[in-house]
Amino acid sequence: SQHFSNLRQHFSFPSIFIYGHTSSGKTYVMQTLLSTLQLPHVFVNCVEYFTSRLLLEEILIKLQSCSGTEQTSPVRCDSLNDFVRLFKQAVASQELQDQTLYIVLDRAEQLREMEANILPAFLRLQELTDTNVTVVLLSEIVWELFRPNTGCFEPFTIYFPDYSIGHLQKILTQNHPPEYSADFYAAYINILLGVFYMVCRDLKELRHLAALNFAKYCEPVVRGEANERDTRKLWKNIEPHLKKAMQTVYLREISSSQWERLQHDGGEPGQLKGLSAHTHVELPYYSKFLLIAAYLASYNPVRTDKRFFLKHHGKIRKTNFMKKHEKTSNHLLGPKPFPLDRLLAILYSIVDERVAPTANIFSQITSLVTLQLLSMVGQNDQLDGPRYKCTVSLDFIRAVAR
Amino acid sequence: SHLDLSEKYLEVFYECSLCLQKIQEDLNKQLLENLVGFLSRSHSDFQEKTTEWTCRMKFREIPTAALVLGVNVTDHDLTFRGLSGILQDNITPYVALLEAKDCPGIKNLMQKLMGQLMKCDIDVDSLEDEDCVQVSQNRIRCSMSSLISWYESVKKKTDSETPSKKRNSSSRHWQSPPVVVIFKDMESFTTKVLQDFIVISSQHIHELPLVLIFGIATSPMIIHRLLPHSVSSLLCIELFQSLSCKEHLSTIIDKLLLTSQFPFKVGEKVLQVLINIFLYHDFSVQNFIKGFQLCIVEHFYSQPLSVLCCQLVDTKKRACSLSHDQCENIRKLQVLSWLKRLKEETVKLLEDLHVYHENYVLILRCLHVFTSSLPKYPLGKQIRELHCACLENRVWETEEYESSLQLARMLNKTDLVTMLQQCVEILMSSSGKEFDKTSEKLKEFLTQFQNLEDMSVLSQKELQKKTDLYHLQKTLLELKESRRSKKLTKFEMLRFEVVDYIDSLVRKYLIPADDRTLHEVVYFNTASVLREHLNAAPRTALHTALNNPHWYLKNQALKCDGGGISNKAPDICIAYKLHLECGRLINLVDWLEAFSTVVMAAEEPNADAASSDQVDDTIHARFIRAISELELLGFIKPSKQKTDHVARLTWGGC
């Protein structure tokens with residue numbers, strides 16, 4: 001924090017880049033710092049303002065309310081050039097010249113999606129506007145992935161390391177519920193981290209999970225079967241419960257409100273089927289065959305079609321039938337594109353009765369594409385022989401074929 | 001009389017549509033009620049107890065309903081329309097419906113969303129303050145913050161309005177109604193758009209109580225496929241499943257076809273076509289209904305006797321006003337002697353037909369009670385299959401029926417008794433007196449079964465009573481003896497009797513409709529027309545048009561005998577026929593040569609010109625035009641493999 005100089009009227013470093021993993025406290029530290037030190041600042045999330053125009057306008061709007069004036073008027077800012085001009089005006093009118101102004105851009109990786117001049121311009125905004133301003137970029141990825149080809153002003157980079165298990169323990173314990181002692185809650189957090197630390201280090205998520213399952217932890221105490229010190233008994237009660245939570249509510253297989261209701265009613269989590277349990281998709285008769293044909297076309301080499309789908313395919317030369325590269329499983333290589341004609345030819349041969357090429361058959365192919373079970377390869381002209389890929393898994397096709 | 005006919009047709013059509021609408025409304029009732037419950041729960045928890053520790057600690061997720069609707073995408077529109085109607089009536093005026101094709105990027109999504117929400121605001125407001133809302137869309141910044149400020153302003157407005165006259169309309173919604181965003185086709189949205197939208201809205205969930213509804217056609221797994229854990233962890237997802245489309249169809253068939261409410265009926269072949277399209281192609285209930293409506297239209301349009309297709313009470317009036325031609329038509333169908341009696345006879349026959357249908361449905365349902373519980377379902381599990389079988393031909397002459405009876409003769413007592421009870425219920429439900437005797441008879445069977453039971457209990461008791469060894473041995477021997485001699489027990493006798501009785505009912509009442517006189521009046525049976533309309537085969541049609549132009553043009557000159565190419569045919573047909581004989585690559589020069597030969601064949605007299613190598617310029621031009629038409633139709637395309645060659649794109653007969 002020594003970078004944020006106490007001498008407010010001095011020019012600070014033009015741009016600072018802060019990076020670190022999800023929920024390592026970047027945003028929180030920045031916000032607290034700026035508000036406790038009462039530094040003039042603008043805080044903008046780049047995901048929310050997804051175009052450069054929205055972003056620039058938002059900064060200008062926030063700037064208006066920076067020095068306390070509530071009145072904001074709509075601003076129109078189409079280019080960076082306008083922005084620099086309007087920015088200077090705003091700083092002058094708000095009388096912010098005598099101290100450093102901070103512009104914090106959260107989720108800054110989004111800037112790379114915008115026009116090429118936005119990121120370099122923000123990095124040297126101080127120079128462009130000739131005002132005392134520092135731009136702080138917050139991101140989850142490293143600076144090397146930002147640096148444009150053409151080069152730019154190098155910001156000062158700061159790394160926020162992940163919280164260790166000890167840190168997490170300390171932070172989580174701070175917010176203990178008022179009815180219970182801090183020690184009791186700390187023991188609970190310990191058990192929670194023991195289960196979840198391997199899969200989740202996201203502080204927000206952990207806190208959420210802690211709140212969801214705390215009622216269950218307290219159950220023996222509330223019922224009077226154990227006292228608050230009885231850690232072993234409490235552990236025995238909560239540990240399997242947390243493990244179940246890891247498989248269900250943590251993966252969002254069932255929702256947290258459903259989880260709470262289950263807990264409340266004392267039901268078994270097995271009663272509620274998760275999202276992944278509903279894998280079965282019912283398809284019309286010909287759609288099934290089309291999908292199977294597409295799967296075969298995607299994973300069988302063209303050479304073998306004759307052998308599999310013709311009645312009189314001639315003799316197969318056994319030697320060197322498999323080329324060397326084909327020995328690796330086709331399932332590892334993923335689906336290959338195939339033309340429409342091949343799909344229809346396989347369809348005709350796998351359906352027992354005669355299939356008329358009606359409009360309904362063709363529209364089913366399109367339906368399968370909209371359902372994302374097939375995908376169209378290359379957005380070329382429909383007349384020019386469209387090509388498809390089958391995107392479903394072997395398990396799915398097995399279920400369909402049954 | 002055309003106007004007359006259209007009126008009559010409209011009457012039937014309107015009745016059916018009304019009934020269908022009612023069925024549709026009732027069908028998804030349960031699902032919609034569950035959804036409404038979820039929505040009303042979703043944000044109220046937070047509003048009530050914000051001070052509690054768990055609520056402060058818990059991450060506030062966006063309530064999300066994953067709505068699994070099945071692959072019949074064409075039907076979804078109606079469901080969503082119903083859903084948003086119900087939501088707007090009961091929960092919130094702020095409902096937005098988003099479709100993937102309108103939202104290629106997050107910007108378009110926000111635009112669409114704000115457009116829909118702010119428009120619905122205008123609908124709620126009275127017209128007087130229209131000008132203040134009429135801000136052109138371009139000037140509104142499409143960002144979440146402007147959406148929030150809009151929400152705050154409308155909330156304030158409704159709050160201040162509540163005490164006034166508008167109380168009635170707004171009191172149905174609560175203090176801060178949620179904003180519902182429906183993603184109609186979840187599968188088609190891009191991952192990026194969804195992720196961005198969810199991340200943005202989750203940051204503002206405290207200011208804008210958002211609820212998401214994902215319309216899913218395949219399986220809820222798609223959520224995990226589209227959203228990474230970091231995003232799906234922002235959601236509180238609950239699953240809702242709609243009725244399967246097959247059940248939906250069964251209800252419609254039950255309420256629309258297996259009833260005597262409507263005068264119009266469909267024949268076996270037609271019904272089969274409709275059901276096949278449903279099961280084989282699209283699972284779409286909407287399309288089934290449209291097909292059915294088409295049947296009505298076709299029937300009234302093509303069948304002159306359809307004037308008589310009306311409710312029973314009107315039959316007499318209609319029959320009296322029959323014209324001479326119409327009477328002739330009836331006479332053609334039926335050998336009826338003199339004109340005076342004809343009209344009365346017709347009325348009588350139509351009444352008979354109506355009664356026949358009423359009885360048919362009842363007995364069909366009874367038979368279905370039996371067949372639907374036999375192992376392997378020889379006559380089908382669904383009543384629609386049984387219905388088709390009975391309409392097709394005399395069901396009692398079929399093998400499947402025979403084996404069904406065999407199986408029915410092996411039913412155990414409890415099953416048989418419950419089935420009989422069900423049959424009695426079905427028969428009692430009818431208003432007519434026709435089946436009073438039948439149901440009496442069935443009840444009699446039931447009491448006989450009851451008596452049997454009592455008797456067996458008695459005999460067992462007797463068995464227990466006779467403790468002395470001699471008597472016991474004797475009775476046991478008797479029992480054994482009776483089994484060995486395959487003498488039927490009383491129960492078996494009774495079972496035979498029941499099955500025979502059911503069989504007699506079937507033979508009496510389930511006669512195919514085709515056997516009835518004047519069935520043409522109410523039964524629509526031209527399946528070929530329907531198939532042509534509903535299951536079009538564009539490739540086949542195109543091939544026929546090009547290969548055999550006479551089929552469509554009806555020009556005698558074009559009638560070709562035995563595959564030859566007539567030079568009178570349109571140029572494109574000649575070119576097409578010639579190209580059928582070629583391989584994958586077609587030499588343009590050869591093709592032109594052949595084309596010119598065919599075209600010139602008629603103009604034999606001035607053959608000197610043809611003998612020269614040079615092809616006539618006109619013919620050349622005609623050829624080029626035919627070729628480019630074929631290319632446009634997708635039969636050939638230019639090839640880069642060989643100069644002056646085109647590639648053929650189609651194979652086989654069509």
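Bear in mind the structure is a predicted one, so any value in this text is a computation, not a measurement. (Residues numbered from 1 in each chain as written. Chains lettered and ligands numbered in written order. Predicted model: local features only at pLDDT ≥ 70, side-chain atom pairs only at ≥ 80, totals over all residues. Heavy atoms only, no water.)

1. Thoughts on the overall build of chain A
Under the convention used in this document: Numbering of helices and strands starts at the N terminus; helices are DSSP runs of H or I of at least 4 residues and strands are runs of E of at least 2. Three exposure classes are used, based on accessible area relative to the maximum for each residue type with a 1.4 Å probe and protein chains only: buried under 20%, partly exposed in between, and exposed over 50%. The contact criterion used throughout is that any non-hydrogen atoms of two residues lie within 4.5 Å. Note on areas: these come from Shrake-Rupley sampling with a 1.4 Å probe, and a residue is covered only by the protein chains present in the view.
Each helix and strand in chain A was counted, giving 16 helices and eight strands. The buried share among the 402 residues of chain A stands at 46%. Excluding contacts between residues fewer than 6 apart, the proportion of contacts in chain A whose partners are at least 24 apart in sequence is 68%. With the model as given, the accessible surface of chain A reaches about 21500 Å², and the carbon-plus-sulfur share is 53%.

2. Side note on the sheet that holds strand β7 (residues 374–377) of chain A
Residue and element names in this part refer to chain A. To be explicit about the condition: Note: two strands are recorded as paired if DSSP finds a minimum of 2 bridges between them. For helices, the fitted axis covers only the stretch in contact; all axes are lines through C-alpha atoms, and the angles between them, taken along N-to-C directions, range from 0 to 180 degrees.
Taken together, the three strands give an open sheet; going across it, the order is β6-β8-β7, and neighbouring strands pair in antiparallel fashion. In this open sheet, the two strands that pair with only one neighbour each are β6 (338–339) and β7. The sheet contact formed by β6 and strand β8 (residues 387–390) spans two bridges and is antiparallel. Directly across from P339, in β8, lies its bridge partner R387. Contacting β6, β7 and β8, helix α11 (residues 285–299) runs over the sheet at an angle of about 95 degrees to β8. Packing against the sheet, helix α15 (residues 359–370) makes contact with β7 and β8, and its axis sits at approximately 95 degrees to β7.

3. What about the interface of chain B and chain A?
We count it as follows: Once two parts are put together, the accessible area they lose, assessed with a 1.4 Å probe and summed over both, is termed the buried area. By definition, a salt bridge exists where a carboxyl oxygen of Asp or Glu is found within 4 Å of a side-chain nitrogen of Lys or Arg. When residues are sorted by character, Ala, Val, Leu, Ile, Met, Phe, Trp, Tyr, Cys and Pro go into the nonpolar class, Asp, Glu, Lys and Arg into the charged class, and all the rest, Gly among them, into the polar class.
Across the boundary between the two partners, chain B contributes 62 residues, which contact 63 residues of chain A. Both sides together, the interface formed by chain B and chain A hides about 5300 Å², and carbon and sulfur atoms give 59% of it. Interface area lost by chain B to chain A is led by W53, R141 and Y280 of chain B, which between them contribute 14%. For the interface between chain B and chain A, the tally reads three salt bridges. A salt bridge links E238 of chain B to R261 of chain A, with the nearest nitrogen and oxygen atoms 3.0 Å apart. Looking at the side of chain B that touches chain A, the element that brings in the most residues is strand β5 (residues 235–241) of chain B, giving six residues. Taken together, the residues of the side of chain B that touches chain A break down into 30 nonpolar, 18 polar and 14 charged.

4. Here's the deal with the sheet that holds strand β3 (residues 179–183) of chain B
Residues and elements named next belong to chain B. With parallel pairing, five strands are arranged side by side in an open sheet as β2-β3-β4-β1-β5. Across the chains shown, the open sheet's two edge strands, defined by having one partner strand only, are β2 (95–98) and β5. Shown here is a sheet whose adjacent strand axes are inclined to one another by a mean of 20 degrees, direction ignored. With four bridges joining them, β2 and β3 adopt parallel strand pairing. The partner of L97 across the bridge, within β3, is I182.

5. Description of the pattern of salt bridges
By the definition in use, this model includes 31 salt bridges over all chains. Of the charged contacts in the structure, one is a salt bridge between R53 of chain A and D78 of chain A, with a shortest N-O distance of 3.7 Å. Of this pair, R53 of chain A sits in helix α2 (residues 52–64) while D78 of chain A is found in the loop between α2 and α3 (80–93), placing the two residues 25 residues apart along the sequence. You can call R53 of chain A partly exposed: its relative accessible area is 33%. The class of D78 of chain A is partly exposed, set by a relative accessible area of 45%. The partner of D352 of chain B in a salt bridge is K348 of chain B, and the shortest N-O contact between them spans 3.5 Å. Residue D352 of chain B and its partner K348 of chain B are located together in helix α18 (residues 339–371), separated by four residues, close to a single helical turn. Under the relative-accessibility criterion, K348 of chain B is labelled partly exposed at 46%.

6. Topic: the packing of α11 of chain A against α15 of chain A
Residues and elements named next belong to chain A. Under the convention used in this document: Working rule for angles: under 35 degrees goes down as roughly parallel, over 145 as roughly antiparallel, 65 to 115 as roughly perpendicular, anything else as oblique. Rotating anticlockwise by less than a right angle from the far helix to the near helix defines a left-handed crossing, while the corresponding clockwise rotation defines a right-handed one.
Contact geometry for α11 and α15: axes closest at 10 Å, N-to-C directions at 65 degrees. The orientation of α11 with respect to α15, classified from their angle, is roughly perpendicular. Here the hand of the crossing between α11 and α15 comes out right-handed. Together, Y286, S287, L290 and L291 of α11 and I361, Q364, I365 and L368 of α15 make up the contact between the two elements. Residues that form the contact of α11 with α15 fall into these classes: six nonpolar, two polar and no charged.

7. Some thoughts on a nonpolar patch on the surface
Note the following rule: Here the term patch refers to residues with relative accessible area over 30% and no salt bridge, with like charges joined within 9 Å and nonpolar side chains (Val, Leu, Ile, Met, Phe, Trp, Tyr) within 5 Å.
Taken together, W551, Y552 and L553 of chain B make up a surface patch of nonpolar side chains, about 370 Å² in accessible area. As for its placement among the helices and strands, Y552 of chain B is situated in helix α28 (residues 550–553).

8. A look at the nonpolar core
Across soluble globular proteins, nonpolar side chains show a tendency to be buried alongside one another. For the record, the criterion: Buried Ala, Val, Leu, Ile, Met, Phe, Trp, Tyr and Cys residues that are joined via side-chain atoms within 4.5 Å together make up what is termed a nonpolar core.
Grouped together as the largest cluster of nonpolar side chains are 137 residues, with contacts concentrated most on L291 of chain A together with F264, I296 and F449 of chain B. With 15 residues, the top contributor of residues to this core is α18 of chain B. Residues within four places of L291 of chain A in sequence aside, it is in contact with L283, L368, L373, L374, C390, F396, I397 and V400 of chain A.

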